[in-house]
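# Working through the structure, step by step
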Amino acid sequence: MAEIRVEKLHKAFASFVAVRDSNFTVRNGDFFCLLGPSGCGKTTTLRMIAGLELPTSGRILLGDEDVTFKQASARDIAFVFQLFALYPHMNVRANISYPLRSQGMARSEVRRRVQEAAKTLRITHLLDHPVSGLSSGDRQRVALGRAIVREPLCFLMDEPLGALDAEFRELMCGELRALHDRLGATTVYVTHDQLEAMSMADTIAVMNQGVIEQLGSPREIYDRPSSLFVADFIGSPPMNLVRFRGRLARGDRHVRVNGADVAVPELQEDAEEGDLVLGVRPEHVRLTGDSAYRARVVESEYLGTTQIVTLSAADGSALKARLPADTEVRAGDQVGLAFHPDKLSLFEAHSGRALRTRLHAEAAGG
Amino acid sequence: MAEVRLQGVSKRFGTTEAVTELDLEAADGEFVVLLGPTGAGKTTTLRLVAGLERPDTGRVFIGGRDVTDSTPAPRDVSFVFQQYSLYPHLSVFDNLAFPLRSPARRMPAAEIDARVREIAGLLHIEDKLGNRATQLSGGQMQRVAIGRALVRKPTVYLMDEPLSSLDAKLRAEMRIELKRIQRELGATILYVTHDQTEAMTMATRIGVLERGRLVQVGSPRNIYEDPVNTYVATRLGSPSINLVPRSLFPGVAAPAATVTIGVRTEHLRIRRSDGAAGRVKRVEHLGDQNHLHVTLADTDVVVLTDPDEGLGVGDCVSLELTAPLFFGADGARLRH
């Protein structure tokens, strides 16, 4: 398997810049997710790695080899698309073996590899079935089978689970990750679904308008979003972003929001007087009678394990709290809110940039 | 609005039994969600209520009146489909007004105007009334499609996966809005989905369908906490409930016929314990919670933990069940 390095990668379609100055390394054995909304440049990035699209400038290295301008077929890469393109007139075995037969591989070797791929994907019993009668999950397994028989250096996947319903998607997420581990593969995976990315990836690159906004482990991205965009994109429901006016100095441990003093991780930089944003994950909100941070319960959504409670604060801002399902709340209740002080984020409103706090220093220190 | 009642309804297409002896009632003002995977008979049930299909046996009642033999029009239901179909050449206003302008209704223009504005306000699209339908985002288009159903005051609203074409964020917003609108209008809604979150968050009651049969009806909490069999237990909850062989937890007191123990991920207490049989195989960081995948005697068990728990891959752990459910050989729930 191999390492993929992307250096200053840039792609413009006429005046539209699809990918702007991307730099990242996918380490050998990494499960790497490109995550972002539609139109953010994630698929274009993947297509350039595959060789289906040529960059306007920049370099792509596969192992030590510069493959930037090599044809797709000369790169040892397997591509799995969102829509499983299977040959409808062939059975499962013929579909999976197709890439090998077209290379002129010896028949016994083809047979061995197909058997192995089918076993990995648990579709051995389907090998002689026509593909037309298969369920969508099985069809996607066949498409994956066609990618893995080639035993490539790396897998590129473009929303391979997008067409499946939620139940199958959850199952296939687990299977894909297990497959990646079993094969010792390097995988670059494109998705707009944060849950897929969070549950499978070692590293996530969050993209927005052609730019990588943040690169890190799922935990880093969730706990310390580097921008308002990332904070709002990750999490379901996403981070509560409460605007307030203020100025902050290095060493501060409190901010004044909605008429209450809120304890935050110690600031490591100054922020001039202006619009700031306090970021609070819904699960870090607690209801408490005696807090000065007042809000009214708007409604509650029951989710089994937990409930999502929508709150309207005295300053007019809306917040969501994730609370245990057995906490009793009623629409109209007046409540006080407390936040988990070690988990809060702060942002500059105009640039969207996260302010540095003790959280970042601790992460950098280990 | 009116109540809807299905009584012993069956419908067969060729050799496939789509709906089998279905009994279901949606009371006036109730939001009833039919939940099930593809092919469970959800859409057929809606079409039977709408009069787009005729049952082979059984009766359909709307507002206490037997409508089994009547055509769709006199049933006066309003149907929202999965794929929104708007008139692209018309404005949002005209799209919304369209169902009211039917010659059969003869509604005065002033009344149409008032009704359209009221519904546009409910859906927060009042500032878009002058736009062409094609100038809207996907979420706004779907709101217009839902609005076109809401402008009428039908006996009942029938909705077939109306949110499934929207992205996750919009879907979450629309869930809340739809629930609010339903409350404000006091509407009776029969709603079909395979999405458990939609069912849990919007329904007054959920009906769980399996291959054409209604397996359980109850409040979301009732279905989640007290499922009648393993099928229902796996419908709600993400990640799914753990279903493990009874022999995995010999120390747990269970009814004699128990074959399978069901335990939700939040009903397991996990402890680091050197020499214990459980091994942490994988840690999924989902942000607000971690899912620990534990292998115990070759069986995978998923455990919900706090992200600050500090357990890692390879750790030896013991598991304790706090609220196990017991199931027999046929999957039916067993009680003490």
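Analysis parameters
Residues numbered from 1 in each chain as written. Chains lettered and ligands numbered in written order. Predicted model: local features only at pLDDT ≥ 70, side-chain atom pairs only at ≥ 80, totals over all residues. Domains from an automatic or database assignment. Contact = placed C-beta atoms within 7 Å. Nonpolar A, V, L, I, M, F, W, Y, C, P; charged D, E, K, R; others polar. Helix = DSSP H or I, 4+ residues; strand = E, 2+ residues; numbered from the N terminus. Axes fitted to C-alpha atoms, helices over the stretch in contact; angles between N-to-C directions. Parallel < 35°, antiparallel > 145°, perpendicular 65-115°, else oblique. Left-handed = near helix turned anticlockwise from the far one by under 90°. Core = buried A, V, L, I, M, F, W, Y, C linked by C-beta atoms within 7 Å. Buried ≥ 20, exposed ≤ 12 C-beta atoms within 10 Å, placed from the backbone. Pairing = 2+ DSSP bridges. Expected span 1.5 Å × (residues − 1). Arc of directions from axis to C-beta.

Moving on: the domain arrangement of chain B. Residue and element names in this part refer to chain B. One can read the domain layout of chain B as domain 1 (4-235) and domain 2 (242-334). For domain 1 versus domain 2, the distance between C-alpha centres works out to 38 Å. Contacts between the two partners involve six residues from domain 1 and, on the opposite side, eight residues from domain 2. Per-class residue counts for the side of domain 1 that touches domain 2 are four nonpolar, two polar and no charged.

Glancing now at the interface of chain A and chain B. In this assembly, 21 residues from chain A lie in contact with 22 residues from chain B. Breaking the side of chain A that touches chain B down by element, the ones donating at least two residues are α5 (166-183), α6 (194-200), α7 (218-223) and β16 (294-302) of chain A.

Here the focus is the domain arrangement of chain A. With domains assigned, chain A is organised as domain 1 (4-223) and domain 2 (234-365). Each of domain 1 of chain A and domain 2 of chain A was reduced to a C-alpha centroid, and the two centroids are 37 Å apart.

What follows covers the packing of helix α3 (residues 107-121) of chain A against helix α4 (residues 136-148) of chain A. All names here are of chain A. Viewed as axis vectors pointing N to C, α3 and α4 meet at an angle of 135 degrees, and their least axial separation amounts to 9 Å. One way to sum up the angle between α3 and α4 is to call them oblique. Pair α3 / α4 crosses with right-handed handedness. Each of Ala-117, Ala-118, Thr-120 and Leu-121 in α3 lies in contact with α4, whose residues at this interface are Arg-141, Leu-144, Gly-145 and Ile-148. Residue composition of the contact of α3 with α4, grouped by class: five nonpolar, two polar and one charged.

A separate point is the packing of helix α2 (residues 92-101) of chain A against α4(A). For any two helices packed against each other, the geometry is given by the interaxial angle and the distance between the axes. Residues and elements named next belong to chain A. Running from N to C, α2 and α4 cross one another at 30 degrees; their axes reach a closest spacing of 7 Å. Judged by the inter-axis angle, α2 sits roughly parallel to α4. Note on packing geometry: the crossing formed by α2 with α4 is right-handed. Facing α2, whose interface residues are Val-92, Asn-95, Ile-96, Tyr-98 and Pro-99, α4 presents Val-142, Gly-145 and Arg-146. In terms of residue class, the contact of α2 with α4 is built from five nonpolar, two polar and one charged.

This part is about the nonpolar core. Ranked by internal contacts, the top residues of the largest apolar core, which has 96 residues, are Cys33(A), Leu156(A), Val188(A) and Leu278(A). Not counting residues up to four positions away in its chain, the partners in contact with Leu156(A) are Leu46(A), Ile49(A), Ala50(A), Ile77(A), Phe79(A) and Val188(A). Listed in part, the 81 residues of the second largest apolar core include Ala120(B), Leu166(B), Leu178(B) and Ile241(B).

A separate point is the sheet that holds strand β2 (residues 16-26) of chain A. Residues and elements named next belong to chain A. Here we have four strands laid out as an open sheet, ordered β2-β1-β4-β5, and antiparallel in their pairing. On the outer flanks of this sheet lie β2 and β5 (65-66), each paired with one strand and no other. Pairing between strand β4 (residues 57-62) and β5: two bridges, direction antiparallel. Bridging across to β5, Leu-61 finds its partner in Asp-66. On top of the sheet, helix α1 (residues 42-50) reaches β1 (4-13), β2 and β4; it is set at about 120 degrees to β1, its chief contact.

Moving on, we get to the sheet that holds strand β3 (residues 31-35) of chain A. All names here are of chain A. Spatially, six strands are ordered β6-β7-β8-β3-β9-β10 in an open sheet, and the strand pairing comes out mixed. Edge positions in the open sheet fall to β6 (77-80) and β10 (211-216), since each of these has one partner strand only. Looking at each pair of strands side by side, their axes are set apart by 15 degrees on average, direction ignored. Pairing geometry for β6 and strand β7 (residues 154-158), over four bridges, is parallel.

A separate point is helix α1 (residues 42-50) of chain B. All names here are of chain B. Counting buried residues along α1, eight of its nine residues qualify, which places the element largely inside the surrounding structure. By the burial criterion, the buried members of α1 are Lys-42, Thr-43, Thr-44, Thr-45, Leu-46, Arg-47, Leu-48 and Val-49. In the segment just after α1, Gly-51 is the residue with positive phi, at about 90 degrees.

Turning our attention to the pairing of β10(A). Across a regular strand the side chains alternate sides, sitting on one face of the sheet and then on the other. All names here are of chain A. As paired strands, strand β9 (residues 203-208) and β10 are joined by five bridges and run antiparallel to one another. Pairing of Ile-204 across the sheet is with Gly-216, part of β10. Where β9 folds back on β10, the antiparallel hairpin that results is connected by two residues, among which Gln-209 adopts a positive phi of roughly 50 degrees.

All names here are of chain B. The end-to-end C-alpha distance of helix α4 (residues 109-122) is 20 Å, a good match for the 20 Å that 14 residues give at a rise of 1.5 Å each. Those residues of α4 not exposed but buried are Val-116, Ile-119 and Ala-120. Considered in projection along α4, the buried side chains sweep an arc of 100 degrees and stay on one side of the axis. Every exposed residue of α4 that faces more than 90 degrees away from the buried side is listed here: Ala-110, Glu-111, Ala-114, Glu-118 and Gly-121. Packed against the buried residues of α4 are α3 (92-97) and α5 (138-150). Within two residues after α4, His-124 carries a phi angle of roughly 55 degrees, on the positive side.

Bringing unusual backbone geometry into the picture now. Cis peptide bonds are those with omega within 30 degrees of zero, and the linkage from Ser236(A) to Pro237(A) qualifies with -5 degrees. Structurally, Pro237(A) can be placed in the loop between α8 (228-233) and β11 (240-248). Each neighbour pair has its own omega, and for Ser238(B) with Pro239(B) the value is 0 degrees, a cis peptide bond. In the Ramachandran plot, Asp21(A) falls in the positive-phi region, its phi being about 50 degrees despite a non-glycine side chain. Classification of Asp21(A) by C-beta neighbours within 10 Å gives partly exposed; the count is 14.

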